[in-house]
Amino acid sequence: MKATVWRLFFCQALINATMVGQVAMGALIGHSLSGDQALATLPMAVQMTAVMAASIPASMIFGRYGRRTGFLIGAALSLLGSLTFAAGVWFQDFWLYNLGAVFAGGGWGIGQHYRFAAAEAATPAWRPRAISLVMAGPILSALFGPEIVKHSYDLFAPTLFLGTYLVLALLPVIGMLLLSGLELPPPPARTGARTPIPEILRRPAFVAAAVAGLVAYGTMNLAMTATPLEMMLCGFSVGAAATVIQAHSLAMFAPGFVTGHLITRFGVMRVIVTGAALTAACVGVALLGREFWHFIVALTLLGVGWNFMFVGATTLLATSYAPEERVRAQAANDFIVFGTVACTAFLSGFVHHRYGWEVLNLTLLPPLAVALALLAWQRLRMGRVQAAE
């Protein structure tokens, strides 16, 4: 079991390295190719829309053919995405570059199910640790993704970032090799009567988990996507922006080594609430100024806050469905979460351009309040159920 989880850890690291690199480059390339600041984050928005759209087909593939086949398809899409990105940069074609975001988003969307595969491969007692460990895999992405950008973006100067995408294209190939021979639980047995999706969506535990997850990812993506662009407008270099994204990525994934232990010891609700508090602290730091330390401290707090909220939400989600419902419930959750992320990616460039950096950061606070209110409601409901028993 542990060997399987560790292999999933490395697969998650590889698929996420392409996303970490894309975060560091995407808004800069979008601004360069489109010539319009409001369109700078469109490629990231397209990519997140593809992540959302991939959730339903992924559930069908996983349900019929199993996890390994689905993950191989995801790796192939990620490879195609990197190569199409490279073509868009080479031909200086903004819309071809956006097509690459469609393929890359599909691959990354399928890759989001590595955490669910870890939960299925682990025993119930070890499940929170398995989930958090696989979600810590991208710590390797955080270390090497921005470094790939720093050291390869000018390999084919004056065509910047072409070399980066060619290097990133190698990563899904390595992932395919790791997936070869990987043993995972078989697809759930098909039954004559399946639970309707609306019934799953109405469950209080599902609602609380989905909202916590979408707020965690949505608020994080809103601020993160615009940060490299804001830094560029403040006069910082590509390397400085990549360093901030690297610190942010490390903060997102490094806590995964301990988040599962924290959930086991203190409970999932407390961990999610702590994550929301750290995200709110990020807003406070971002509003203090635009020096380099403001960006790196704010994005570090944002990363840890995301980890606590999202790992907690994933753990909570696992309590909301029966084993035979897992693939459909997970697909519904990811459709909701990454639909929100796609919206925030679209809004990030617009809000940043129209209203500025301060307003962009303040928009993180209302969703956090909603998530905390729903968690309080879920905790109160659980208390009443336990008292009735």
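This one's a predicted model, so the numbers in the text were calculated from it and none came from an experiment. (Residues numbered from 1 in each chain as written. Predicted model: local features only at pLDDT ≥ 70, side-chain atom pairs only at ≥ 80, totals over all residues. Heavy atoms only, no water.)

(A) Inspection of the nonpolar core at higher detail. Leu-8, Met-48, Phe-71, Tyr-165, Tyr-217 and Trp-306 are the most contacted members of the largest nonpolar core, which has 119 residues in total. Sort the elements by how many residues they give to this core and helix α11 (residues 204-233) lands first, with 16 residues. If we skip the residues at most four places from it in the chain, Trp-306 touches Met-135, Ala-216, Tyr-217, Met-220, Met-252, Phe-253, Thr-279 and Val-311. (Core = buried A, V, L, I, M, F, W, Y, C linked by side-chain atoms within 4.5 Å. Buried < 20%, exposed > 50% of the residue type's maximum accessible area, 1.4 Å probe, protein only. Helix = DSSP H or I, 4+ residues; strand = E, 2+ residues; numbered from the N terminus. Contact = heavy atoms within 4.5 Å.)

(B) Spotlight on the packing of helix α5 (residues 114-121) against helix α6 (residues 127-136). Put simply, α5 and α6 touch, their axes get as near as 8 Å, and they point 150° apart. Viewed along their axes, α5 and α6 adopt a mutual orientation that is roughly antiparallel. α5 and α6 meet at a crossing whose hand is right-handed. From α5, Tyr-114, Arg-115, Ala-118 and Ala-119 reach across to α6, where they touch Arg-127, Ala-130, Ile-131, Val-134 and Met-135. (Axes fitted to C-alpha atoms, helices over the stretch in contact; angles between N-to-C directions. Parallel < 35°, antiparallel > 145°, perpendicular 65-115°, else oblique. Left-handed = near helix turned anticlockwise from the far one by under 90°.)

(C) Seen up close, helix α1 (residues 2-34). Helix length check: α1, at 33 residues, gives a terminal C-alpha distance of 46 Å against a target of 48 Å (1.5 Å per residue), a fit within 8%. Its axis deflected by about 45° at Met-25, α1 carries its strongest bend there. The buried fraction of α1 is high, at 25 of 33 residues. Count one or two residues on from α1 and you reach Gly-35, which has phi positive near 75°. (Expected span 1.5 Å × (residues − 1). Bend = angle between axes of the 7 residues up to and from the residue.)

(D) Highlighting the packing of aromatic side chains. Per the stated rule, a full pass over the model turns up 20 aromatic pairs. Judged by centre distance (5.0 Å) and plane angle (65°), the ring pair of Trp-6 and Phe-9 falls under edge-to-face. Placement of the pair is Trp-6 and Phe-9 together in helix α1, with a separation of three residues, close to one helical turn. Relative accessible area serves as the criterion here: at 39%, Trp-6 is assigned to the partly exposed category. What makes Phe-9 buried here is its relative accessible area of 4%. One aromatic cluster in this structure is built from Trp-108, Tyr-217, Phe-253, Trp-306, Phe-310 and Phe-338. Seen from the ring of Phe-62, Arg-67 lies directly overhead, with NZ or CZ sitting 4.6 Å from the centre. (Phe/Tyr/Trp six-rings, centres within 6.5 Å; stacked < 30°, edge-to-face > 60°. Lys NZ or Arg CZ within 6 Å of the ring centre and 35° of its normal.)

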